[in-house]
Amino acid sequence: MPYAYDAPPYRLPGQIAEAQAATRYMYPLGVMVNRNGQRFVDERSAVGNLTYAKLGRSILEQPGKWALQVFAGNEIGKLHEGYRKDSTVVHGDSLEDLEASFGLPRYSLTRAFADAIQESASLKHWGLSYGSTMPPFLGLKVACGLTFTFGGLQVDRQANILDEDGQKIPGLFAAGEAVGGIFSENYPGGAGLLAGTVLGLRAGFGCNTVL
Ligand SMILES: Cc1cc2nc3c(=O)[nH]c(=O)nc-3n(C[C@H](O)[C@H](O)[C@H](O)COP(=O)(O)OP(=O)(O)OC[C@H]3O[C@@H](n4cnc5c(N)ncnc54)[C@H](O)[C@@H]3O)c2cc1C
């Protein structure tokens, strides 16, 4: 997921609120570019809940392993508090201001917004219009945050852990983060706790009793 560039190493579960405030999920309201000022994902290809998990990897693939989120006009007021407190935030009256502040090629942000508006206008999906890209502007740096490793133990539908030959290991169960193979490359937000709950109940009480 896109995550605060300057986030300290929070300790969970004690600092869950702080860790949550460092998420940078609101990219569908603006554009995301790399340090060359180039967009590298379609910010609005689906609702954010279906794109945020895989975007961490996309950011890691960019030069310097960071990206810039840029928002304009009324969209700025919709950003959550974590955005406003971010130490990398830069405000500007023009996109050229932000290009200069972040060392991006001149007019690269203008091009990025124009591309995003054109995509939206071509009805590929909902999105930005010229009206939603008026000054002021706000930009901030983001890094890769980890949602899942996508790895883990192989289990069957009743949460029994399987050995390398695919055979049940008697009396050994797994659920939640310890399980691999449920999600791969991407993840629909909210499904993690659901998967953990389903397999956890099956492991604890047996599939036929509870579900
Ligand atoms: C940033 C982020 C946002 C997420 N948002 C959502 C969401 O909105 N909705 C959703 O459904 N899912 C979400 N998920 C996924 C969800 O959080 C996980 O699927 C869920 O927390 C997994 O639960 P778990 O109990 O298996 O593992 P964890 O929650 O990771 O719990 C494992 C616990 O074991 C402890 N532990 C580890 N090693 C040891 C050890 N050796 N001895 C003792 N204790 C140990 C850890 O400290 C931890 O407390 C999100 C995940 C992340 C990272």
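Each remark here, short or long, concerns the structure printed above.
For the structure given in this document, a descriptive report is provided here. (Residues numbered from 1 in each chain as written. Predicted model: local features only at pLDDT ≥ 70, side-chain atom pairs only at ≥ 80, totals over all residues. Heavy atoms only, no water.)

**Digging into the packing of aromatic side chains**
For the structure on display, the rule yields nine aromatic pairs. Ring geometry for Tyr52 and Tyr187: centres 6.3 Å apart, planes at 85°, overall edge-to-face. With Tyr52 in helix α2 (residues 52-60) and Tyr187 in the loop between β7 (168-173) and α6 (191-205), this pair connects stretches of sequence that are 135 residues apart. Owing to a relative accessible area of 8%, Tyr52 belongs among the buried residues under this scheme. With centroids separated by 5.0 Å and ring planes inclined at 85°, the aromatic side chains of Phe183 and Tyr187 adopt a geometry described as edge-to-face. Accessibility expressed as a relative area gives 16% for Phe183, which makes it buried. Feature note: the residues Tyr25, Tyr52, Phe148, Phe150, Phe183 and Tyr187 constitute an aromatic cluster, connected by ring pairs. Directly above the aromatic system of Tyr83 lies the positively charged group of Arg24, at a separation of 5.0 Å from the ring centroid. Directly above the aromatic system of Trp66 lies the positively charged group of Lys141, at a separation of 4.3 Å from the ring centroid. (Phe/Tyr/Trp six-rings, centres within 6.5 Å; stacked < 30°, edge-to-face > 60°. Helix = DSSP H or I, 4+ residues; strand = E, 2+ residues; numbered from the N terminus. Buried < 20%, exposed > 50% of the residue type's maximum accessible area, 1.4 Å probe, protein only. Lys NZ or Arg CZ within 6 Å of the ring centre and 35° of its normal.)

**A short note on the pairing of β7**
In terms of residue burial, β7 counts as a barely covered element, since only zero of its six residues are buried. Strand direction decides the pairing type here: strand β6 (residues 160-162) and β7, joined by two bridges, are antiparallel. Paired with Leu162 across the two strands is Lys168, which belongs to β7. (Pairing = 2+ DSSP bridges.)

**Notes on the pattern of salt bridges**
Inspection of the entire model under this criterion finds seven salt bridges. With its nearest N and O atoms 2.6 Å apart, the salt bridge here joins Arg39 to Glu43. Among the salt bridges present, the one from Arg57 reaches Glu185, with a minimum N-O distance of 2.9 Å. Here Glu185 lies in the loop between β7 and α6 and Arg57 lies in helix α2, a separation of 128 residues in the sequence. Three or more residues joined by partner-sharing salt bridges are found here, namely Arg39, Glu43, Arg44 and Glu119. (Salt bridge = Lys/Arg side-chain N within 4 Å of Asp/Glu carboxyl O.)

Purely geometric stuff here, so don't read any function into it on its own.
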